[in-house]
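Listed below, chain by chain, are the residues.
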Amino acid sequence: MVTKVTFVGPGFTRKHPKFERFIRPTGLRFTKAHVTHPELKATFQLEILGVKKNPQGNMSTSLGVVTKGTIIEVNVSELGLVTPGGKVVWGKYAQVTNNPENDGCINAVLLV
């Protein structure tokens, strides 16, 4: 059983309990994060697209565990960020700055 905050995608369905190896409690599943833009000094609630790197190891990364220092990918399309070529930026990386299991929310800083 995973006892930490996890992220699972929108199409996630649990396996049959006989074949399920890691149980992720529904109360600890998060889909949004409070992300602060360092240049704008503003905080936005953005959708999480995925967990890219967890400092606790590859197993935590593959399970979607979110701890302090984890690199997550967030959906920044609603912020209106545009590349120099004129395309809208879809996803950017952010680093988690708190312990989500203690606070009950995910706070992160956008990596610019």
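See the structure printed just above.
Summary of the structure given here. Every value quoted in this text rests on a predicted model; they were computed, and no experiment measured them.

### Focus: the nonpolar core
- Ranked by size, the top nonpolar core spans 18 residues in total, and within it Val35, Val66, Ile72, Val74, Ala94 and Ile106 carry the most contacts.
- If you list the elements that add at least two residues to this core, you get strand S1 (32–37), strand S2 (42–53), strand S3 (71–75), strand S4 (91–96) and strand S5 (107–110).
- By residue number, the principal contributor to this core is S2, which donates three residues.
- Valine 74 has contacts with Val35, Leu46, Glu47, Ile48, Leu49, Trp90, Gly91, Lys92, Ala94 and Leu110, leaving out every residue within four places of it along the chain.

### Comments concerning the environment of asparagine 98
- Along the chain, the position of asparagine 98 falls in the loop between S4 and helix H2 (100–103).
- C-alpha of asparagine 98 to C-alpha of alanine 108: the two residues are 10 residues apart in sequence and 7.5 Å apart in space.
- Asparagine 98 has contacts with Thr67, Lys68, Asp103, Cys105, Ile106 and Asn107, leaving out every residue within four places of it along the chain.
- Side chain to side chain, asparagine 98 and aspartate 103 meet in a polar contact 3.0 Å long.
- Polar contacts involving the side chain of asparagine 98 include one to the main-chain amide nitrogen of asparagine 107, which spans 3.1 Å.

### Side note on the sheet that holds S3
- What the five strands build is a closed barrel, ordered S1-S2-S3-S4-S5; its pairing is mixed. Here the average twist between neighbouring strands, direction ignored, is 50°.
- Across four bridges, the pairing between S2 and S3 is antiparallel. Looking across to S3, one finds that valine 51 is bridged to isoleucine 72.

### Considerations on the pattern of salt bridges
- A complete count under the given rule lists four salt bridges for this structure.
- Glutamate 20 serves as the salt-bridge partner of arginine 14, at 2.7 Å between the closest nitrogen and oxygen.
- According to the relative accessible area criterion, arginine 14 is partly exposed, its value standing at 46%.
- Of the charged contacts, one joins lysine 32 and glutamate 47 as a salt bridge, the two residues approaching to 3.4 Å between their closest N and O atoms. Taken together, the residues span a long stretch of sequence, with lysine 32 in strand S1 and glutamate 47 in strand S2 at a distance of 15 residues.

### Considerations on the pairing of S3
- For S3, a buried count of five out of five residues is recorded, marking the element as mostly surrounded by other parts of the structure.
- Alternating positions in S3 separate into two faces, Ile71, Glu73 and Asn75 on one and Ile72 and Val74 on the other, with burial throughout.
- Sheet topology note: the S3/S4 ladder contains five bridges and is antiparallel. Each residue of the ladder has a partner; that of valine 74, found in S4, is lysine 92.

Conventions we followed
Residues numbered from 1 in each chain as written. Predicted model: local features only at pLDDT ≥ 70, side-chain atom pairs only at ≥ 80, totals over all residues. Heavy atoms only, no water. Core = buried A, V, L, I, M, F, W, Y, C linked by side-chain atoms within 4.5 Å. Buried < 20%, exposed > 50% of the residue type's maximum accessible area, 1.4 Å probe, protein only. Helix = DSSP H or I, 4+ residues; strand = E, 2+ residues; numbered from the N terminus. Contact = heavy atoms within 4.5 Å. Polar contact = N/O pair within 3.5 Å; in protein donor to acceptor, adjacent residues only side chain to side chain. Pairing = 2+ DSSP bridges. Axes fitted to C-alpha atoms, helices over the stretch in contact; angles between N-to-C directions. Salt bridge = Lys/Arg side-chain N within 4 Å of Asp/Glu carboxyl O.

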